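# Residue-level structural notes
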Amino acid sequence: MKLTDFGVYNRGDRRTELDDDLDDVQIEFELATQGCQVQKGDPTQLKTIAGWRSTPYLEYTIHTPKP
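Presented here is a report on the structure given in the accompanying data block. (Residues numbered from 1 in each chain as written. Predicted model: local features only at pLDDT ≥ 70, side-chain atom pairs only at ≥ 80, totals over all residues. Heavy atoms only, no water.)

## Brief notes about the overall build of the protein
Operational definition: Where helices and strands are cited, they refer to DSSP runs of H or I of at least four residues and of E of at least two residues respectively, numbered from the N terminus. It is over C-alpha atoms that the radius of gyration is taken, and the globule rule equals 2.2 Å times the number of residues to the power 0.38. To sort residues, take the accessible area from a 1.4 Å probe on protein chains only and compare it with the maximum for the residue type: under 20% means buried, over 50% means exposed, and anything in between is partly exposed. When checking whether two residues touch, look at their non-hydrogen atoms; a contact exists if any pair is within 4.5 Å. Accessibility throughout is a Shrake-Rupley quantity obtained with a 1.4 Å probe, and a residue counts as covered only by protein chains that appear here. When charges are counted, Lys and Arg are positive and Asp and Glu negative, with His and the chain ends excluded. For charged residues, the charge sits on one atom: NZ in Lys, CZ in Arg, CG in Asp, CD in Glu.
What the protein contains, in helices and strands, is one helix and six strands. When the helices and strands of the protein are read in sequence order from the N terminus, they spell out β-β-β-β-β-α-β. On C-alpha atoms alone, the protein measures out to a radius of gyration of 15 Å, which is more than a quarter above the 11 Å that the 2.2 N^0.38 rule sets for 67 residues. Burial status across the protein gives 21% buried among its 67 residues. Within the protein, residue pairs in contact and separated by at least 24 positions form 44% of the contacts whose partners lie at least 6 positions apart. Split by element, the accessible area of the protein, about 5,300 Å² in all, is 47% carbon and sulfur. With 8 positive and 12 negative side-chain charges, the protein shows a separation of 7 Å between the mean positions of the two kinds.

Laid out in structure tokens, this is it:
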């Protein structure tokens, strides 16, 4: 997973003048797996946007009992 391109949008237009104010906003990502088991990786990540920008990738190993 990779989270990128954070921004404030108003009616479909990106408000780039607000980009510098986003660094401290917190974003949570939660991986939902129905019937599967996460073997590697934390399924819930809470970081600031600055944190997501510096480390945008999340790596998971998921085991599923079904093909």
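## Comments concerning the environment of Gly 41
Here Gly 41 shows up in the loop between strand S4 (37–40) and strand S5 (44–48). The class for Gly 41 is partly exposed, based on a relative accessible area of 38%. With residues up to four places along the chain from it excluded, the contact list for Gly 41 reads Glu 59 and Tyr 60.

## Here's the deal with the nonpolar core
To keep it simple, the criterion reads: Here, the term nonpolar core denotes a set of buried Ala, Val, Leu, Ile, Met, Phe, Trp, Tyr and Cys residues that are joined through side-chain atoms within 4.5 Å.
One finds Leu 3, Phe 6, Leu 22, Phe 29, Leu 31, Ile 49, Trp 52, Leu 58 and Tyr 60 forming the largest nonpolar core, which totals nine residues. Each residue touching Trp 52, except ones within four places of it in the same chain, is listed here: Leu 3, Phe 6, Ile 27, Phe 29, Gln 45, Lys 47 and Leu 58.

## Examining the packing of aromatic side chains
Cut-off, in case you're wondering: Side-chain rings of Phe, Tyr and Trp, where Trp is taken by its six-membered ring, are said to pair if the distance between their centres is within 6.5 Å; with planes under 30 degrees apart they count as stacked, over 60 as edge-to-face, and otherwise as tilted. By definition, being over a ring means that NZ of Lys or CZ of Arg is both within 6 Å of the ring centre and within 35 degrees of the ring normal.
Tallied over the full model, the rule gives zero aromatic pairs. Over the ring of Trp 52 we find Lys 47; its NZ or CZ atom is 4.2 Å from the centre of that ring.

## Section: the environment of Glu 30
Take Glu 30: it is sitting in strand S3 (residues 26–30). Here the alpha-carbon distance between Glu 30 and Ser 54, two residues 24 residues apart in the chain, equals 19 Å. Filtering out sequence-adjacent residues up to four positions away, Glu 30 remains in contact with Pro 43 and Thr 44.

## So, the pattern of salt bridges
Keep this limit in mind: For this analysis, a salt bridge means a side-chain nitrogen from Lys or Arg found within 4 Å of a carboxyl oxygen belonging to Asp or Glu.
Across all of its chains, the model carries five salt bridges by this definition. Residues Arg 14 and Asp 19 are paired through a salt bridge, measuring 3.3 Å at the closest nitrogen-oxygen approach. Arg 14 sits in the partly exposed class, given a relative accessible area of 30%. Among the salt bridges present, the one from Asp 23 reaches Arg 53, with a minimum N-O distance of 2.7 Å. Here Asp 23 is found in the loop between strand S2 (13–14) and S3, whereas its partner Arg 53 is found in helix H1 (residues 49–54), with 30 residues between them in sequence. Overlapping salt bridges, with partners in common, bring together Asp 5, Arg 14 and Asp 19 in one network.

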